[in-house]
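Chain and residue survey
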Amino acid sequence: MTYQEVLDRARTCIGPYCKACPVCSGAACGNAVPGPGAKGEGKGALRNYQKWQELCVNMDTICENRPADTRTTLFDRSLSLPVMAAPLGALKLHYGDKHDDLSYNSILIPACRENGIVAFTGDGVDPTVFSTACSVIGQNGGAGIPTVKPWDPDTLFHKLDQARAADPIAVAMDIDAAGLPFLQGLTPPAGRKTVAELREVIAYAQKPFILKGIMTVRGAEKAAEAGAAAIVVSNHGGRVLDHCPATAEVLEDIVKAVGGAMTVLVDGGIRSGMDVFKALALGADGVLICRPFVPAIYGGEAEGVRLLIEKLRAELADTMLMCGVHSVEEIDRSCVFP
């Protein structure tokens, strides 16, 4: 099977919102997809994608003629390339009846592990979304990162107990999910957290803690104050607040402020190995990719995941070779324009 055949097969069983496009830019679905779709005018996801395309790479082929090494290490785990699958939940609602969260994660987590990367997993109103994700992570030797939403304290700590039992390599919270409608009006309230509240959560998790949904330098500094080991520069695919800048627009300033003190990852609109290269050049330690894994699984299951990862790795390696670098560590700001 080829990657194109995977997409062709996905179109027969995915939807009705997702179109399994050759490149997932957000143009075809707009703000129609219940989960990945953008909030308000539906421009957030489009902006994320477009800003990566506007950034250019600097070609330089006067260099040693040796292979490109795409390997890296994140959270003390060796990865075949600096890419991780981003969290996703409520599959049937978002993408159709072929997969639910358990079947999706049961394919995604081991397939990512077998191909040298790691998957984040999602959360939702249905408590089984998180619990089944933790179960699959535990069955796969902790090769995953459960992502919890900013619930009320009792719910949050109960879910962190489940995460700790799975012994994952790290635990994450998508703090920007505070803007999602289904978290509003709960008693006790869910949503935004203070630095002090996050410090308590992070201490309780007893794992390297990742705060996903950081879009400003001050937000990154507050994450560091709270004790986070890492942040993900992310605006939830542009769907929690319209008229936000793209992640590519704010990444560099955030890296300058906290890079070196904590791991900085980036999510939002990254669709190719060349996009991964651009993100690393702006200072990211790694990237998260979400939507392309869905048609990969709907159209090809574990083989679809393998083909997507191989595609990303080949694109990253080719870009590295054409830009005169031979390892991930050599990629720096001089590799991209402007």
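One structure accompanies this document, and this report is about it. In this text the structure is predicted, and so the values were computed from the model without any measurement.

All right, on to the overall build of the protein then. Assigned secondary structure in the protein consists of 11 helices and 12 strands. Radius of gyration (C-alpha) of the protein: 19 Å, near the 20 Å computed for a compact globule of 338 residues. Referenced to the eigenvectors of the C-alpha coordinate spread, the extents of the protein come out at roughly 60 × 45 × 40 Å. Taking all 338 residues of the protein together, 58% fall into the buried category. Of the charged side chains in the protein, 32 are positive and 39 negative, and the gap between their average positions amounts to 3 Å.

What follows concerns the nonpolar core. In terms of nonpolar packing, the biggest core is built from 111 residues, with M84, I145 and F293 touching the most fellow members. Broken down by element, this core gets its largest block of residues, 12 residues, from helix α11 (residues 293-322). The contact partners of I145, leaving out residues within four places of it in the chain, are F75, M84, V118, A119, F120, T121, I137, I169, A170, V171, A172 and I210.

All right, on to the layout of surface pockets then. There is about 670 Å³ of room inside the second largest pocket. Taken together, 27 residues form the lining of the second largest pocket, with I175, D176, A178, R192 and G213 sitting closest to its centre. Broken down by secondary-structure element, the contributors of at least two residues to the lining of the second largest pocket are α7 (195-205), β8 (209-214) and α8 (217-226). If one sorts the elements of the lining of the second largest pocket by residue count, α8 sits on top with four residues. The class makeup of the residues in the lining of the second largest pocket is 13 nonpolar, nine polar and five charged.

Each value, and the rule that gives it
- Residues numbered from 1 in each chain as written.
- Predicted model: local features only at pLDDT ≥ 70, side-chain atom pairs only at ≥ 80, totals over all residues.
- Heavy atoms only, no water.
- Helix = DSSP H or I, 4+ residues; strand = E, 2+ residues; numbered from the N terminus.
- Rg over C-alpha atoms; globule rule 2.2 N^0.38 Å.
- Buried < 20%, exposed > 50% of the residue type's maximum accessible area, 1.4 Å probe, protein only.
- Lys, Arg positive; Asp, Glu negative; His and termini not counted.
- Charge placed at Lys NZ, Arg CZ, Asp CG, Glu CD.
- Core = buried A, V, L, I, M, F, W, Y, C linked by side-chain atoms within 4.5 Å.
- Contact = heavy atoms within 4.5 Å.
- 1 Å grid on protein atoms, 1.4 Å probe; cavity = no way out; pocket = protein on both sides within 12 Å on 5 of 7 lines; lining within 4 Å.
- Points joined across faces, edges and corners; volume = space filled by probe spheres on them.
- Nonpolar A, V, L, I, M, F, W, Y, C, P; charged D, E, K, R; others polar.

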